[in-house]
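Results of the structural survey
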Amino acid sequence: MVLDTVEKQLRVLPLFEYASIPTKEKFALKVHRDPKLQGLGVLGRGQLFSLFHAEHLAEATKLYEVLIDDSLTTGAKTFEEFLDFCHQVRDFVNEGLYVYAVSVAILHRPDCKGVSLPPIQEIFPDKFMPVQTMYDAYKEAWLNPNKEEDIIVDMQSTGNILDPEYNLAYYREDIGINAHHWHWHIVYPATWRPEVIGKVKDRKGELFYYMHQQMCARYDCERLSNGMPRMEPFHNFHDTLEGYSSHLSSSINGLPYPSRPDGMTLQDLKEVSIQELERWRDRILDAIHIGHLEDENGSHVPLDETRGIDVLGAIVEASYESVNQAFYGSIHNWGHVITARVQDPDGRYHLNPGVMSDTATSLRDPIFYRWHRFIDNMFQDYKETLPHYNHSDLEFPGIEITKVLVKAKHINNIDTFKSYSLLDLSHAYEFGRSGAVKVRFSHLNHEDFDYKIRVENHTSKTKPATVRVFMAPKYDELGNELNTKNLRRLMIEMDKFHAEIHPGHNDIVRHSKNSSVTISSARSFGQLAHGEGVNEHANEYCSCGWPDHLLVPRGNENGMPFHLFVMLTDWLHDQVGDHGKTGMCTDAVSYCGAKDQLYPDRRPMGFPFDRDIEEEHLKDWLLPNMKDVLITVTHHEEVHNQSH
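Residues numbered from 1 in each chain as written. Predicted model: local features only at pLDDT ≥ 70, side-chain atom pairs only at ≥ 80, totals over all residues. Heavy atoms only, no water.

Considerations on the overall build of the chain
Secondary structure summary: the chain contains 20 helices and 14 strands in total. For the chain, the spread of C-alpha atoms along the principal axes amounts to about 75 × 65 × 60 Å. Burial status across the chain gives 60% buried among its 644 residues. Taking the contacts inside the chain whose residues are at least 6 apart along the sequence as the reference set, 79% of them involve residues at least 24 apart. (Helix = DSSP H or I, 4+ residues; strand = E, 2+ residues; numbered from the N terminus. Buried < 20%, exposed > 50% of the residue type's maximum accessible area, 1.4 Å probe, protein only. Contact = heavy atoms within 4.5 Å.)

Structure, rendered in C-alpha cells:
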C-alpha cells in the first residue's frame, strides 16, 4: 500500500509525542533491535544532549545516517522500515538525541517529501517555558477536573530591571528565535557527509557565518532600541561572565539548568582547556592574516574571494568540511560547552549544563551574543583582507531607483507592539484530559507594511533584477551618527526577491509577510494532525526561518530613526542553476538556503555590506541602483492583538 503525504504525516507525529516519557512498550516485552542499530545508546537517557559536544553529535550522526540511508545494507530502505527503526530506538537512545536524529531524517528522506516537523517548542516546551509556568499548568490541570475544557495559564517572567540585561529578555527568550536556531542546525547538521547521504549542503560554512552574523546585528539593533550600548565581544577567555538565570528545568531528568551568578570565569574541562581555545583562536587569526589555511597534508588552502568565507566557516564551526580539525580545533562548539559547564566544570555536583549547551536554549543567555560577536569578529578580520567593491561590482547600468517608501498606517513609520500567543503543552505531557493545556506568552510584534519602490529602466529591454532590502539604526548608543564602518555590521537583511524591470517607469510593491528571511508561523501538532497545509507539492517550510513577528527591531517610544537601504542588482548575474523548481523549503532562503539545492544567490551573503566601505558616509557611496531613506520605528507598549 502506497501512503499519501497526509497519511505519512499522521504516522510521523506520534514519533514526537511525549518524547521525554518512556513509551509503554518499554515496560512490556523487550523491543527487537535491528543489527543496523548496533552502537547506539551510548549517551545515557536523562542527560542533556548537546550538538556542540563531539561525542553526542557522533552518536546522533550514526543514527540519522541509518534513518536516512535507504540502501539495503546500512539503513532504512522503506518508509515503513524507517518508522520501525524509530520505534525501536525511541526507548534506549537519549531523548534529545532521538528527536534531533529523527528530525534530520524526516527533512532529508525522499519519501518524507512534504511531511512537516511539529514545532520543537511543542515537543520540548521545558526548553522554552520557565519551570514556574510548567508547574502552574500542572496545578491548574489538577484543580480543574473537567477534562473537556481548555486550560490557559500565563507565562512567568524570569527576572526584573535590577538586571540591566533583563531589558532584552523579551528578545533573547523569544520562543520563535530559539526554535529557529534549533531548526537551522537540523537543516544544516555540522557532521553532514555528502558521500554517505548523496546530497551536498551548498555554502554551508558561509551560511553558518551569515546566519550568526545577522543574529548579532539584530541583537545590537535591539540593544540600541532599549538605550543600551552595543555588546562587547568575549575575546578574552579570562574575562568574568555576567550572571544569568533561565528559570528552565529539564523534563527528562527533573534537574534545572543552573543559574550563573555574576563574576564567574571559564574553567578547564577534562576534555578541553582554555589554553586550547586560545591556541585555536590564534591559529585561525594567523591563517586569516597570512591568507591561507593548511590542510592535514600541509598544503595551502587559500582564503580567496570566492570560497574563503565558506572554508573559514567550516573551520570555525568545526564541521565535517573542516580542512584540518586536528590543527584548527573546534573553537565555536567547545566555547558553547565550556561556558555551559562553568558552574560544574569537573562534574562533581552532577548538575545539568547551562543553556549554552543546547541550540534550543542558548540564545536566551547574554553570553551567547558576546561569544558570537567574538566569532563574528574573526570572520570580519577575514572580510577586511578582501578588496572593496568597485563600481562594476555594485552598479546595474541603466537602472535607477527614484523613490522608496514604507506604506504602513503612517508612511515611513513602522509601529511595534506586544502581542500574545499560545503554546500547547498537551503533546509533550500527559495531563489525563482531552482538553488542551496551553500557556499564554507575550512577544514583540509589528504592524504589516509594504515596501514601495519606484524604478526607472533607462534601457530598451526588460531587466530581471534582484531586489535587496536592509535596515540599520542611524545613531549609536551615544547619539552619534554611525559611519559606514560601523553601520554595515548593523545592517539586517529584511528581504531579497526577484522583480522584472520593464523599460521606463516601474512601481514595485512587496508585502512584509513575503520576506525571504521569515516564516509566518510553524504548523502546530493540532494543525498537522488535521492535515493543514500538508501535501507533497506544498511549499514546505522545514520550520527554519526567522519568526515574522521579530522581522522589525523594537525601536523606541519616541520613534527611532533607521536607514532603509534598497539595491537592485542584475538577476542574470545573481542567478544560480535552477533554484526554486522543487518548491521545497525555499521560503526563508536568506538564512536557511534552499534545502538540498544551491544557495539561490551567486553574490556573497550579506552583499553589499559584507565588506568594508571606503566612504565615511553612506550617501557618498550610493549609485543610481541604490537608495537609502530614513524611516522611523515607533514602539507602543500596549497590547495590540491576541492570536490563538
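Re the packing of helix H8 (residues 175-187) against helix H10 (residues 204-225)
Axis separation between H8 and H10 bottoms out at 12 Å; the angle between their running directions is 175°. Looking at the two axes, H8 sits roughly antiparallel to H10. Counting all contacts with H8, which are made through His 180, His 181, Trp 184 and His 185, the residues of H10 involved are Leu 207, Phe 208, Met 211, His 212 and Met 215. (Axes fitted to C-alpha atoms, helices over the stretch in contact; angles between N-to-C directions. Parallel < 35°, antiparallel > 145°, perpendicular 65-115°, else oblique.)

A short note on the pattern of salt bridges
Per the counting criterion, the structure on display carries 40 salt bridges. Note that Asp 601 is salt-bridged to Lys 496, the shortest N-O span being 3.1 Å. With Asp 601 in the loop between helix H20 (589-592) and strand E14 (626-642) and Lys 496 in strand E9 (residues 492-501), this residue pair connects regions lying 105 residues apart in the sequence. Relative accessible area serves as the criterion here: at 2%, Asp 601 is assigned to the buried category. A salt bridge links Lys 513 to Asp 548; its shortest N-O distance comes to 3.1 Å. Of the two residues, Lys 513 is situated in the loop between strand E10 (504-511) and strand E11 (518-519) and Asp 548 in the loop between strand E12 (546-547) and strand E13 (560-570); the sequence distance between them amounts to 35 residues. Residue classification places Asp 548 among the buried residues on the basis of a relative accessible area of 5%. Among the ionic contacts, a cluster of salt bridges with common partners joins Arg 468, Lys 496, Asp 574, Asp 601 and Arg 603. (Salt bridge = Lys/Arg side-chain N within 4 Å of Asp/Glu carboxyl O.)

Quick look at helix H2 (residues 54-68)
Taking 1.5 Å per residue as the helical rise, H2 with its 15 residues ought to reach 21 Å, and the 21 Å between its terminal C-alpha atoms agrees with that figure. Across the 15 residues that make up H2, a large majority, eleven, are buried. Residues His 56, Leu 57, Glu 59, Ala 60, Thr 61, Leu 63, Tyr 64, Glu 65, Val 66, Leu 67 and Ile 68 constitute the buried set of H2. Close packing links the buried residues of H2 with helix H3 (79-89), helix H4 (95-108) and helix H9 (194-197). (Expected span 1.5 Å × (residues − 1).)

Worth remembering: the numbers are spatial, not functional.
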